[in-house]
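Here is how the chains run, residue by residue.
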Amino acid sequence: MDRADEAARDDNDRRAEADDKRREAADNEHARGMADSFLDRQAQELEQRQQATAAAPAPFKLSLGAAAQRNQQKAASNRRTIAEVEGLLDDEEQDGTAKRQLIPIQFEPTTAADKMTEEELSKAVRALAQEIPSEKEGLWKWDVQWEHLDDGIIREKLRPFVEKKIVEYLGVQEELLVEVVEEHLRKHGRPEDLVEELRGALDDEAEDMAKKLWRMVIFFTESEKRGYPA
């Protein structure tokens, strides 16, 4: 009787174990089905979003980006080398040997260089060069727009000009003089004070050097202020 009971219990245990395995398998199958269904829905939603994006009209900002690129390319093509700026200012200085009346050109704050044609820009830049005095009195009194003279202009535009002029005056490069001029510009110093700083090395050429440099300073700061590529 005991063996029969034991055998019955073993059968019951085996059946219970088999039932547990079937339930576990069913649960796993259900879970896989839910996972597959979820992934299918995600794939469908992703495909629908992609189709909607493809069908949507191109955003307007793309055209603005293209316009900005064109303006940047236009500005780059109109940028002038130091030699070109120096030549432009020298031409105007020679043309102005006969004293002319300087009439400041009034520019509206809304004037945008990117709306000008290349011809209009060229005329505006030449008009600016004509506006800059060539005599000491006018240059020394000019209200320089220092906020438009950043370190990039000093290093990339004015320093090469200063180095070139010092070699012309002295026949050799004097790094100390270049640094003196750079520091003077960074401190927004007065041109007459710069003349005194340079006089020990350049003698009578100090004033000529300061005048030419100040015309360059005015040209670049006014160009930045008015939005001209320089």
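Structure report, in brief. Treat the numbers as computed from the prediction; the structure is a model and nothing was measured.

Thoughts on the overall build of the chain
- When you go through the chain residue by residue, the secondary structure sums to nine helices and zero strands.
- Start at the N end of the chain and walk to the C end: the helices and strands fall as α-α-α-α-α-α-α-α-α.
- Of all 230 residues assigned to the chain, the portion counted as buried reaches 30%.
- Contacts in the chain between residues at least 24 apart in sequence constitute 76% of all its contacts with a sequence separation of at least 6.

A look at the pattern of salt bridges
- Scanning the entire structure with this criterion turns up 15 salt bridges.
- For Lys164, the salt bridge identified is with Glu168, shortest N-O distance 2.7 Å. Taken together, the residues Lys164 and Glu168, both in helix H6 (residues 151-170) and four residues apart, mark about one turn of the helix.
- Of the residues examined, Lys164 reaches a relative accessible area of 37% and is grouped as partly exposed.
- The partly exposed category is assigned to Glu168, whose relative accessible area is 44%.
- Through salt bridges with shared partners, a single ionic network connects Asp151, Arg155, Arg159, Glu163, Glu175, Glu182 and Arg186.

Scoring rules and cut-offs
Per chain, residues are indexed from 1 in the order of the written sequence. Note on the predicted model: pLDDT of at least 70 is required for a residue's local features to be given, and 80 or more for side-chain atom pairs to be given and counted; whole-chain, interface and lining totals, by contrast, use all residues. Side-chain measures here rest on the full set of heavy atoms in the structure, leaving out hydrogens and waters. Numbering of helices and strands starts at the N terminus; helices are DSSP runs of H or I of at least 4 residues and strands are runs of E of at least 2. For every residue, the accessible area (1.4 Å probe, protein chains only) is compared with the maximum for its type, and the residue is labelled buried under 20%, exposed over 50%, or partly exposed between those bounds. Residue contacts follow a heavy-atom distance rule, with two residues in contact if any of their heavy atoms lie within 4.5 Å. We define a salt bridge as a contact between a side-chain nitrogen of Lys or Arg and a carboxyl oxygen of Asp or Glu at a distance within 4 Å.

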